[in-house]
Amino acid sequence: MCRLTVVASWLCAAVLSMLFFQVKAEALSAFMLSDSCPPGFELTAKNQCRLVNFYQLYDSVQGRGVGGTQTSLPKHRDGFSPQQIDLGRILFFDPALSKDGSMSCASCHQPDKGFSDGLGRSKGFDGRQLTRSAPSLWNVAFLDKFYWDARASTLEEQAVGPLFDANEMANSPEQLLETLNGNSAYLTLFKQTYPLRSQIDLDQVVSALTAFQSSLISLNSRYDRYAHGYHEALNKNEIAGLNVFRSFVARCAECHQPPLFTNNQIAVIGVPEKDGRPLDIGAQKTYQAAKLRGGFKVPTLRNIVKTKPYMHAGNFDDLRETVGFYNKGRGHAIPEGETLQIHWHIWEPNLTEHEMDLIVEFLGTLTDEAFTPKVPETVPSGLSPVDDNYQKLHKNNNQKLLSRAGD
Ligand code: HEC
Ligand code: HEC
């Protein structure tokens, strides 16, 4: 189209080069890191994001009694720079972190599913079924134990799990660093974020992932507004449900302790595996302690309506059934031949059908996704960030990789 006259071709070239620069500028700006903190954080003079919320006005958990509304939060991770958080967001959604470019962290921790995946047991590399469900990542900044069996104690230690597990993202440290160091956009982004080193290293990758995950804060649900004194935030049934939940009859709040709705402890409550699979011994393995056989970390109930199915093995599809489990009696589902040391707060509360319905209504008030981060439109690898159709994504990315390999 640029073959007309000299003038026209000059003009044409100018237009084309403008277009080119525009495209290039867009491509660059697509990977510009944010220099402001996510909502809920304030930027300090040292370029660190500090979490700000109402719970910081309250004094310690001690002495307030379990189930009290105005209790403080446990220690948390913050102080990351806006750039670290934003780089972590890009990494979290980039399938290039997996061996074959088929899955990102977000494949199993999807923002629209409460950062879980809607499966009873997650699917990993090559469609392999894992043994447990993907926990929500909301409020992980406050946790000091990770995985259902608490086998990691920091987010950094946790992140290398899925990256290099042959059944999950199946990558190797060498290949991961080769991919990232071979990508000029990533090199630029890491240089903007971390002190200059000759190469991107694994510490920086897990640090950015930790920064991002620590920014997933959900503490402004209707329940929270009620807790801070705005009584009208909950209706009569929901308040009644809260009161059943924290009563010494139901005892839910003994373990699912507000404000996080977990006490971050291990408890043996006697949830069996599904479909006749052998018992998952859970925390017994981590702590080498027989009394923790079948014990799992108490999960948060924040955004619980988004993360079905429930329990480590995806046992229940709805909340009513899950609450019903607690009413069926201590140890009712322990597989034959097993003896588990069920936690003393698990007993036979004899809740009425109505009381169980009220608990479910109350659990619906723990939803707050206002700070859901944006899924990047593009990631430096050029692969598609996770969408809600995982199978489609998997196929598309495999095609992209195959055509690249053929280049
Ligand atoms: C194939 C699916 C899958 C992928 C991919 C995946 N996860 Fe997970 N994630 C899980 C499952 C399943 C668990 C629970 C495993 C267990 O407890 O044994 C989990 C647990 C976690 C936990 C612990 C949460 C808690 O409350 O204990 C964190 C944090 C986490 N993943 C972050 C990540 C990050 C970061 C990535 C990417 C580097 C990632 N995950 C990739 C499935 C996945
Ligand atoms: C002794 C501690 C304890 C008590 C008391 C307790 N829970 Fe749990 N809860 C747990 C543990 C541990 C799990 C995870 C068990 C598993 O997956 O095997 C869990 C799981 C859940 C889940 C599923 C969460 C998810 O992400 O899959 C819900 C919902 C729940 N509990 C609600 C309740 C309610 C409602 C009560 C009161 C009737 C209650 N819990 C009492 C420890 C407790």
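Everything that follows concerns the structure shown earlier in this document.
Please read all numbers here as calculations on a predicted model, not as lab measurements.

Definitions and limits used
As a convention, each chain's residues are numbered from 1 in the sequence order in which they are written. Labels follow written order: the first chain is A, the first ligand is 1, and so on. Totals for whole chains, interfaces and linings use every residue, but because this is a predicted model, local features are given only for residues with pLDDT of at least 70 and side-chain atom pairs only at 80 or more, for both listing and counting. Here a strand is any run of E in DSSP of at least two residues, a helix any run of H or I of at least four, and the numbering for each starts at the N terminus. Three exposure classes are used, based on other C-beta atoms lying within 10 Å of a residue's own C-beta, which is placed from the backbone: buried for 20 or more, exposed for 12 or fewer, and partly exposed in between. Residues are treated as contacting if the C-beta atoms built from their backbones sit within 7 Å of each other. By convention here, the C-beta atom is placed from the backbone, and a residue is near a molecule or strand when that atom is within 6 Å of it. Under this grouping Gly is polar, as are all residues other than the nonpolar Ala, Val, Leu, Ile, Met, Phe, Trp, Tyr, Cys and Pro and the charged Asp, Glu, Lys and Arg. Only buried Ala, Val, Leu, Ile, Met, Phe, Trp, Tyr and Cys residues enter a nonpolar core, and they are joined through C-beta atoms within 7 Å. As annotated, the domain borders come from an automatic or database domain assignment. Structural elements are reduced to axes, namely lines fitted to C-alpha atoms, with helices fitted over the stretch in contact, and the angle between N-to-C directions of any two is expressed from 0 to 180 degrees. We call two directions roughly parallel when the angle between them is under 35 degrees, roughly antiparallel when it is over 145, roughly perpendicular when it lies between 65 and 115, and oblique otherwise. Crossing handedness: left-handed means the near helix sits turned counterclockwise from the far one by under a right angle, and right-handed means the same turn made clockwise.

### Describing the overall build of the protein chain
- When you go through the protein chain residue by residue, the secondary structure sums to 14 helices and four strands.
- When each of the 407 residues of the protein chain is scored for burial, the buried share is 40%.
- Here the contacts in the protein chain between residues at least 6 apart in sequence split such that 69% fall between residues at least 24 apart.

### So, unusual backbone geometry
- The omega angle of the peptide bond from Pro-258 to Pro-259 is 0°, so this bond is cis rather than trans.
- By the secondary structure assignment, Pro-259 is in the loop between α10 (252–255) and β3 (266–268).
- Of note, the bond from Lys-308 into Pro-309 is cis; its omega dihedral lies within 30 degrees of zero at -5°.
- Tracing the chain through its elements places Pro-309 in the loop between β4 (295–297) and α12 (319–327).
- Positive phi, normally seen in glycine, also occurs at Phe-115, with a value near 60°.

### Looking at the site of ligand 2
- Every one of the 26 residues lining ligand 2 counts as a neighbour, but Cys-252, Cys-255, Val-271, Tyr-310 and His-312 are closest to it.
- Broken down by secondary-structure element, the contributors of at least two residues to the shell around ligand 2 are α10 and α12.
- The leading source of residues in the shell around ligand 2 is α12, at four residues.
- Its residues assigned to classes, the shell around ligand 2 comprises 18 nonpolar, six polar and two charged.

### Observations regarding the site of ligand 1
- Among the 29 residues in the neighbourhood of ligand 1, the closest are listed as Cys-105, Cys-108, Tyr-147, Trp-148 and Pro-162.
- Secondary-structure elements contributing two or more residues to the shell around ligand 1 are α3 (105–108), α4 (155–164) and α7 (202–213).
- A per-element tally of the shell around ligand 1 places α4 first, with five residues.
- Residue composition of the shell around ligand 1, by class: 19 nonpolar, seven polar and three charged.

### Some details on the nonpolar core
- Among the nonpolar cores identified, the biggest contains 67 residues, and Leu-91, Phe-92, Val-205, Ala-208, Leu-209, Phe-245 and Ile-359 are the most heavily contacted of them.
- The residue makeup of this core includes at least three contributed by each of domain 1 (41–218) and domain 2 (222–366).
- Residues contacting Phe-245, with those up to four places away along its chain left out, are Ala-250, Cys-252, Ala-253, Ile-359 and Phe-362.
- Among the nonpolar cores identified, the runner-up in size contains 16 residues, and Ile-266, Val-268, Ile-269 and Val-298 belong to it.

### Quick notes on the packing of α12 against helix α13 (residues 353–363)
- Running from N to C, α12 and α13 point in directions that differ by 130°, and their axes come no closer than 9 Å. Of the possible angle classes, the one that applies to α12 and α13 is oblique. Along this stretch, α12 crosses α13, giving a crossing that reads as right-handed. Judged by residue contacts, Leu-319, Arg-320, Val-323, Gly-324 and Asn-327 of α12 engage Met-356, Ile-359, Val-360 and Leu-363 from α13.
- The residue inventory of the contact of α12 with α13, partitioned by class, reads six nonpolar, two polar and one charged.

### Digging into α13
- Listing the buried residues of α13 in full gives Glu-355, Met-356, Leu-358, Ile-359, Glu-361, Phe-362 and Leu-363.
- Where α13 is buried, its residues meet α9 (236–245) and α12.

### With respect to the environment of Pro-335
- Relative to the elements of secondary structure, Pro-335 occurs in the loop between α12 and α13.
- Separated by 64 residues in the primary sequence, Pro-335 and Val-271 have C-alpha atoms spaced 9.3 Å apart.
- Every residue in contact with Pro-335, bar those within four places of it in the chain, is listed here: Pro-272 and Leu-279.

Structural measurements only, silent on function.
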